[in-house]
Amino acid sequence: MAEEAGEASQAVIGALQIHVNTMRYRLRRIREVSGVDFANADAVLLAHLQLRLAAMRGAVVDANDTANPAS
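The structure reproduced in this document is the subject of the present report. What you see is a predicted model; the values in this text were computed from it and never measured. (Residues numbered from 1 in each chain as written. Predicted model: local features only at pLDDT ≥ 70, side-chain atom pairs only at ≥ 80, totals over all residues. Heavy atoms only, no water.)

Describing the overall build of the chain
Next up, step 1: A tally of regular secondary structure across the chain gives 3 helices and 0 strands.
Next up, step 2: Secondary structure elements of the chain occur, N-terminal to C-terminal, as α-α-α.
Next up, step 3: Burial analysis of the chain (71 residues in total) assigns 7% to the buried set.
Next up, step 4: For the chain, the accessible surface area stands at approximately 6,200 Å², while carbon and sulfur atoms represent 56% of it. (Helix = DSSP H or I, 4+ residues; strand = E, 2+ residues; numbered from the N terminus. Buried < 20%, exposed > 50% of the residue type's maximum accessible area, 1.4 Å probe, protein only. Areas by Shrake-Rupley, 256 points an atom, 1.4 Å probe, with all protein chains shown as cover.)

A few points about the pattern of salt bridges
Next up, step 1: Applying the stated rule across the entire model yields 2 salt bridges.
Next up, step 2: As a salt-bridge pair, E32 and R28 come within 4.0 Å of each other at their nearest N and O atoms. Here R28 and E32 lie together in helix α2 (residues 20-34), a separation of 4 residues that amounts to about one turn.
Next up, step 3: Of the charged contacts in the structure, one is a salt bridge between R29 and E32, with a shortest N-O distance of 2.7 Å. Of the two residues, R29 and E32 are both situated in helix α2; the distance of 3 residues between them amounts to about one turn of the helix.
Next up, step 4: Salt bridges here are not isolated pairs; linked through shared partners, they connect R28, R29 and E32. (Salt bridge = Lys/Arg side-chain N within 4 Å of Asp/Glu carboxyl O.)

A word on the environment of V44
Next up, step 1: For V44, the location among the structural elements is in helix α3 (residues 41-57).
Next up, step 2: In this structure V44 comes out as partly exposed when scored by relative accessible area, which is 31%.
Next up, step 3: For V44, the residues in contact, after removing those within four places along its chain, are V36, D37 and F38. (Contact = heavy atoms within 4.5 Å.)

Things to note about unusual backbone geometry
Next up, step 1: Notably, Q17 is not glycine yet its phi reads approximately 55°, a positive angle.
Next up, step 2: Overall, Q17 belongs to the exposed group, its relative accessible area being 72%.

Digging into a nonpolar patch on the surface
Next up, step 1: Judged by side-chain polarity, I30, F38 and V44 come together as a nonpolar surface patch covering roughly 220 Å² of accessible area.
Next up, step 2: Its place among the elements puts I30 in helix α2. (Patch = residues over 30% accessible without salt bridge, like charges linked within 9 Å, V, L, I, M, F, W, Y side chains within 5 Å.)

Some points on α2
Next up, step 1: Taking 1.5 Å per residue as the helical rise, α2 with its 15 residues ought to reach 21 Å, and the 21 Å between its terminal C-alpha atoms agrees with that figure.
Next up, step 2: At the C-terminal side of α2, G35 shows a positive phi close to 80°. (Expected span 1.5 Å × (residues − 1).)

Pasting the structure below:
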């Protein structure tokens, strides 16, 4: 299982064209901000579904989009 996780990490790093430390930092920040525990598959699935639903509803707003503030 650890080997599969390592392969998946390498695939993500390659697809995003980022350094492994950048990926670790981003995952740590996501955990800090959202509270999602990436070791818990159910929590990851729930977060994924919530993001997909929000995107389908048009609720996901780019934080840098000052023309259309979320408030």
